[in-house]
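# Coordinates in review
For reference, the chains in residue letters:
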Amino acid sequence: MNSSKRRSETGENSRALYVKGLPYNCSTDDLYQLFGRFGSIRQIRQGISTATKGTAFVVYEDVLDAKAACDKLNGFNFQSRYLVVLYHQPEKMAKAASQAAQQAAQSAAAAGQNGTNGTAGPTAASSELAERQENLEKLKREHGID
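To keep things clear, this report deals only with the structure shown in the data block. Since we're looking at a predicted model, the values are computed, not measured.

## As for the overall build of the protein
- Regarding its fold elements, the protein presents five helices and six strands.
- If you list the helices and strands of the protein from N to C, you get α-β-α-β-β-α-β-β-β-α-α.
- Total accessible area computed for the protein in this model is approximately 10,200 Å², and 51% of it derives from carbon and sulfur atoms.

Okay, structure coming up:
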């Protein structure tokens, strides 16, 4: 997919919706019934891990159907839960995931410096990395790889 098409399918021009606040016992059939009232659905993907449970992606065949569903179902009470329906924005989600990973890495580094994670700290990791790089170079020489 080229960048112009990707840009054209962000925000309110997206056929993909991100849904939060779903009941954990909600089935895909329930979602097809609810979202199918607004148009033809290409795909529904429900989150199954602990981090994504209660979420789903709903992809419509037509942008106008996705807009109608987003407008009508955001804040809708479904199985005693209020839904949050947003346009899927992959760039924004990737940025949020990147920031979360960066924060986790910083937390891990801080824990390593304080010696609270049960390891010998950053010097042990540095020496292990150096040892692994040395072994890699040795294997490259043995097998004639540049």
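## A closer look at helix 2 (residues 28–35)
- Among the residues of helix 2, L31, L34 and F35 are the ones counted as buried. Looking straight down helix 2, one finds that the buried residues subtend no more than 80° of arc, so they occupy a single side. For helix 2, the exposed residues lying more than 90 degrees away from the buried face are D29 and Q33.
- In the core, the buried residues of helix 2 are packed alongside strand 1 (16–20), strand 2 (41–46), strand 3 (56–60), helix 3 (63–73), strand 4 (77–78) and strand 6 (84–87).

## Some remarks on the sheet that holds strand 1
- Spatially, 2-3-1-6 is the arrangement adopted by the four strands of the open sheet, whose pairing is antiparallel. A strand with exactly one partner marks an edge of an open sheet, and here the two such strands are strand 2 and strand 6. Direction aside, neighbouring strands of the sheet carry axes that sit 20° apart on average.
- With four bridges joining them, strand 1 and strand 3 adopt antiparallel strand pairing. Within strand 3, the position partnered with L17 by the bridge is V58.
- The strands that helix 2 touches are strand 1, strand 2, strand 3 and strand 6; relative to strand 2, the one it contacts most, it runs at about 140°.
- Relative to the sheet, helix 3 contacts strand 1, strand 3 and strand 6, its axis offset from that of strand 6 by approximately 150°.

About the criteria used
- Residues numbered from 1 in each chain as written.
- Predicted model: local features only at pLDDT ≥ 70, side-chain atom pairs only at ≥ 80, totals over all residues.
- Heavy atoms only, no water.
- Helix = DSSP H or I, 4+ residues; strand = E, 2+ residues; numbered from the N terminus.
- Areas by Shrake-Rupley, 256 points an atom, 1.4 Å probe, with all protein chains shown as cover.
- Buried < 20%, exposed > 50% of the residue type's maximum accessible area, 1.4 Å probe, protein only.
- Arc of directions from axis to C-beta.
- Contact = heavy atoms within 4.5 Å.
- Pairing = 2+ DSSP bridges.
- Axes fitted to C-alpha atoms, helices over the stretch in contact; angles between N-to-C directions.

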